[in-house]
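Chain and residue survey
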Amino acid sequence: MAKSLSWDDLKYEIQPWIRTAIDSLGFETMTPVQASTIPMFSGNKDVVVESVTGSGKTVAFVIPILEKVIKEVLSGSALRKAHFHTLVLSPTRELSSQIQDVIDTFLKFCPEETGPIKSQLLVGTSISSVRDDVNAFMEKRPQILVGTPGRVLDFLKAGAVKSTSCGLLVLDEADKLLDINFEKDVESILHLLPKQRRTGLFSATISSAGNQIFRTGMRNPVKIAVKSKVQNPESLNISYVVLQPEDKLQYLLNILNHIRYRKCIVYFPTCVSVTYFYSFIKYLSQSGDMKDDLETYSLHGKLQTSSRLGTLKKFTSTFNNSVLLTTDVAARGIDIPEVDLVIQFDPPTSSEMFLHRCGRTGRANRSGKAIAFLNAGREEDYVNFLQVKQIELNEMEANFRPNAEFYNKFKLWILQDRARFEHSIKAYVAFIRYYSKHTASSIFRLRSLDYIGIARLYGLIRLPRMPEITKNLEDSKMPIDGWLVNPAIDLDQFAFSNQQMERARLENLKKTKEVNDQKKLKSELKKKNAAWSNKTAAKETKGERKLKLAQKRKIIEDRIAQEEKEDESEAEDDWKDMVRRKKKQKSSAAVQGLFSNL
């Protein structure tokens, strides 16, 4: 054990009860980021902390927060009602909840005689409103607030809440909080806080925030960077595997069934793809195609907050073999114990998020494995792209044989319910939109995407009508009317398994047919009923046109005749003049002859 990383050698004297909590939680030694940050941030310094994912940044700011709050309590300067001391912001509800759990874990060791130290979580839920949060704040009077920017801003705008006593601000995953998605809310929060405060920014990729960090109002901050030659921790092994698009789901299932792991997180590109593949994997579990003891969970941003936090809690606390299907909502800062495998079904839109995803395993020097799936072709250049970003990947062979009947099984599952058919199209379209937003646009090009292979991956039986497909898919590869199955499916007979949805569909179909029949009947009646009136009008119009044409023709003929007459008159006059000239010439010639004879 390195002596410099012993808690006994920390260059700051922490509270005895905090040290007891550290020992009880099993933190035998400090991490480098904790050894560097705790003395600075517990003192009187603003800090900008950048350290690889899983290096213990949460504890690095929780301990200074508790140190500062306990000093305020012990000094006798109690907070006035409706005031608070510390505000912690994070980009997601899951991360905010996790930070709150870490604080609560430490506070369990706080002695009663020291004084009550409390923390309150502020995240948007369907269970509690902003007013409920304000009422709880006024009643419990917590010194520490933890939450997401949107809910915290609404909370601070409440007239009853006073922010003038806030002496400490922490931005966890600060680069995310300072980007365009949260920028306005965070700036509004900063304007509501006093300028004379201490500020700490923490992230594994804080350098991507650039000059945005200076907009937080820090004065001469201390930058603490714990880096290595590569950004991924030494305990984390990152691999990639190149696959045909239609084989990716089969390979994922092969890994989940045959590779040893305790907990696994699988990252999908969109919320709709999470729910779609989760449904199919649950079906496979029921049909005996998955491991019997495997628990499957799903988590994404479209779920209600209570469902998200409940799912995360179940996945975190279970002791069984389990897999979590999720999006980037669970990519930043989340610390779930015993996650030893992370799979990226598709690369994220940014290299920073790639590292955050991988960082859910291999945390706190525990070994972990991350695998990224790449589509065969141009996506293979992504490996070199990440190397430039100092992220090293090892190639992994896909040692499995795709089952030719898998797509048919997938198709039969979809054909059982029209809702699955519509879900597959939504997931496919969402993926195409997601793919077009990659920052590495020179690699992830819509022009080179295998649209048919991706369609089979999503179990599609028909390609949707999309401008991306029309523009980029060659005509020779375009299926007839978009159908990927033969024979084509009669969509009018394709029913929902849900009776209520099916009744609504049939009603809409009936109305559509009635409208179409009415339009057709109206068109036929228009032709039939318009026979007498329109024919009479047509005849009159035709007669008028003939009369007008005859009149025009007569005028033209008269004009031509007049011109010809004038031409003849002129020709006659010219002829008479010519005769006169000839006679004159003859008489002149005779006279000349007489003179010549003299």
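Residues numbered from 1 in each chain as written. Predicted model: local features only at pLDDT ≥ 70, side-chain atom pairs only at ≥ 80, totals over all residues. Heavy atoms only, no water.

1. Structural notes on the overall build of the protein
Scanning the protein from terminus to terminus reveals 19 helices and 14 strands. Looking at the protein as a whole, 46% of its 598 residues are labelled buried. A separation of at least 24 residues holds for 80% of the contacts in the protein among residues at least 6 apart in sequence. Element-wise, carbon and sulfur atoms account for 50% of the exposed surface of the protein, whose accessible area totals about 32,000 Å². (Helix = DSSP H or I, 4+ residues; strand = E, 2+ residues; numbered from the N terminus. Buried < 20%, exposed > 50% of the residue type's maximum accessible area, 1.4 Å probe, protein only. Contact = heavy atoms within 4.5 Å. Areas by Shrake-Rupley, 256 points an atom, 1.4 Å probe, with all protein chains shown as cover.)

2. Some words on a negative patch on the surface
Residues Glu380, Asp381, Glu395 and Glu397 make up a contiguous surface patch of negative charge. Tracing the backbone shows Glu380 in the loop between β13 (368–375) and α13 (382–388). (Patch = residues over 30% accessible without salt bridge, like charges linked within 9 Å, V, L, I, M, F, W, Y side chains within 5 Å. Salt bridge = Lys/Arg side-chain N within 4 Å of Asp/Glu carboxyl O. Lys, Arg positive; Asp, Glu negative; His and termini not counted. Charge placed at Lys NZ, Arg CZ, Asp CG, Glu CD.)

3. So, the nonpolar core
Core analysis: the largest hydrophobic core is formed by 127 residues, its most contacted members being Leu249, Phe373, Tyr428 and Tyr458. Broken down by element, this core gets its largest block of residues, nine residues, from helix α3 (residues 57–74). Structurally, this core is a two-domain feature, drawing no fewer than three residues from each of domain 1 (3–225) and domain 2 (236–404). In contact with Phe373, other than residues within four places in its own chain, are Val241, Leu243, Lys248, Tyr251, Leu252, Ile255, Ile343, Gln344, Phe345, Asp346 and Pro347. Formed by 29 residues, the second largest nonpolar core is a distinct cluster that contains Leu122, Leu156, Leu190 and Met218. (Core = buried A, V, L, I, M, F, W, Y, C linked by side-chain atoms within 4.5 Å. Domains from an automatic or database assignment.)

4. A closer look at the packing of aromatic side chains
Summed over the entire model, instances satisfying the criterion amount to 30 aromatic pairs. Seen in terms of ring centroids, Phe345 and Phe373 are 6.0 Å apart; in terms of plane orientation they differ by 50 degrees. Their pairing is tilted. Taken as a pair, Phe345 in the loop between β12 (339–344) and α12 (351–358) and Phe373 in strand β13 lie far apart in primary sequence, 28 residues in all. Here Phe345 and Phe373 have matching classes, each one buried. The ring centre of Phe345 lies 5.1 Å from the NZ or CZ of Lys248, which sits over that ring. Its guanidinium or amino end placed over the ring of Phe315, Lys263 lies 5.6 Å from that ring's centre, counting from NZ or CZ. (Phe/Tyr/Trp six-rings, centres within 6.5 Å; stacked < 30°, edge-to-face > 60°. Lys NZ or Arg CZ within 6 Å of the ring centre and 35° of its normal.)

5. A closer look at the side chain of Asp133
The topology assignment puts Asp133 in helix α5 (residues 130–140). A polar atom in the side chain of Asp133 sits 2.5 Å from the side chain of Arg151. (Polar contact = N/O pair within 3.5 Å; in protein donor to acceptor, adjacent residues only side chain to side chain.)

6. A look at the environment of Ile414
Tracing the sequence through the fold places Ile414 in helix α14 (residues 406–415). Judged by relative accessible area, which is 0%, Ile414 ranks as buried. A sequence separation of 45 residues divides Ile414 from Gly459, and the C-alpha atoms of the two residues are 7.5 Å apart. Discounting residues that sit within four places of it in the chain, Ile414 has contacts with Tyr276, Arg420, Phe421, Ser424, Tyr458, Gly459 and Phe494.

7. Details of the sheet that holds strand β7 (residues 222–226)
The parallel open sheet is built from seven strands, whose spatial order is β3-β4-β2-β5-β6-β1-β7. At either end of the open sheet lies a strand with only one pairing partner, and these are β3 (119–122) and β7. Each strand axis lies, on average, 15 degrees off the axis of its neighbour in the sheet, ignoring direction. Direction of pairing for strand β1 (residues 47–51) relative to strand β6 (residues 198–203): parallel, over a ladder of four bridges. Following the sheet pairing, Val48 is matched in β6 by Leu201. (Pairing = 2+ DSSP bridges. Axes fitted to C-alpha atoms, helices over the stretch in contact; angles between N-to-C directions.)

8. Topic: helix α6 (residues 149–157)
Listing the buried residues of α6 in full gives Pro149, Arg151, Val152, Leu153, Phe155 and Leu156. At its buried positions, α6 is contacted by β2 (86–89), β3, α5, β4 (144–147), α7 (174–177) and α8 (183–192).

9. Let's talk about the confidence of the model for the protein
On average, the protein scores 86 in pLDDT, and the residues at 70 or more come to 88%. Low pLDDT, under 50, characterises residues 588–598; the stretch is placed with zero contacts to residues that sit more than four places away or in other chains. (pLDDT = per-residue confidence, 0-100.)

10. Some points on the sheet that holds strand β9 (residues 263–267)
Adjacent strands of a sheet form backbone hydrogen bonds with each other and so pair up, either parallel or antiparallel. Spatially, β10-β11-β9-β12-β13-β8-β14 is the arrangement adopted by the seven strands of the open sheet, whose pairing is parallel. Of all strands in the sheet, those bounded by a partner on one side alone are β10 (295–299) and β14 (394–395). One ladder, built from five bridges, connects β9 with β12; its direction is parallel. Residue Ile265 lies in a different strand from β12, and its bridge partner there is Val342. Its contacts with the sheet place helix α9 (residues 248–258) against β8 (236–243), β9, β11 (322–326), β12 and β13, and it is angled at close to 165 degrees to β13. Taken strand by strand, α12 contacts β8, β9, β12 and β13, and its axis lies near 150 degrees from that of β12.

11. With respect to the environment of Gly56
Tracing the backbone through its elements, the reader meets Gly56 in the loop between β1 and α3. Taking relative accessible area as the criterion, Gly56 reaches 22% and is therefore assigned partly exposed. With 279 residues separating them along the chain, Gly56 and Asp335 place their C-alpha atoms 9.6 Å apart. Dropping the residues within four chain positions of it, Gly56 is found in contact with Thr31, Val33 and Gln34.

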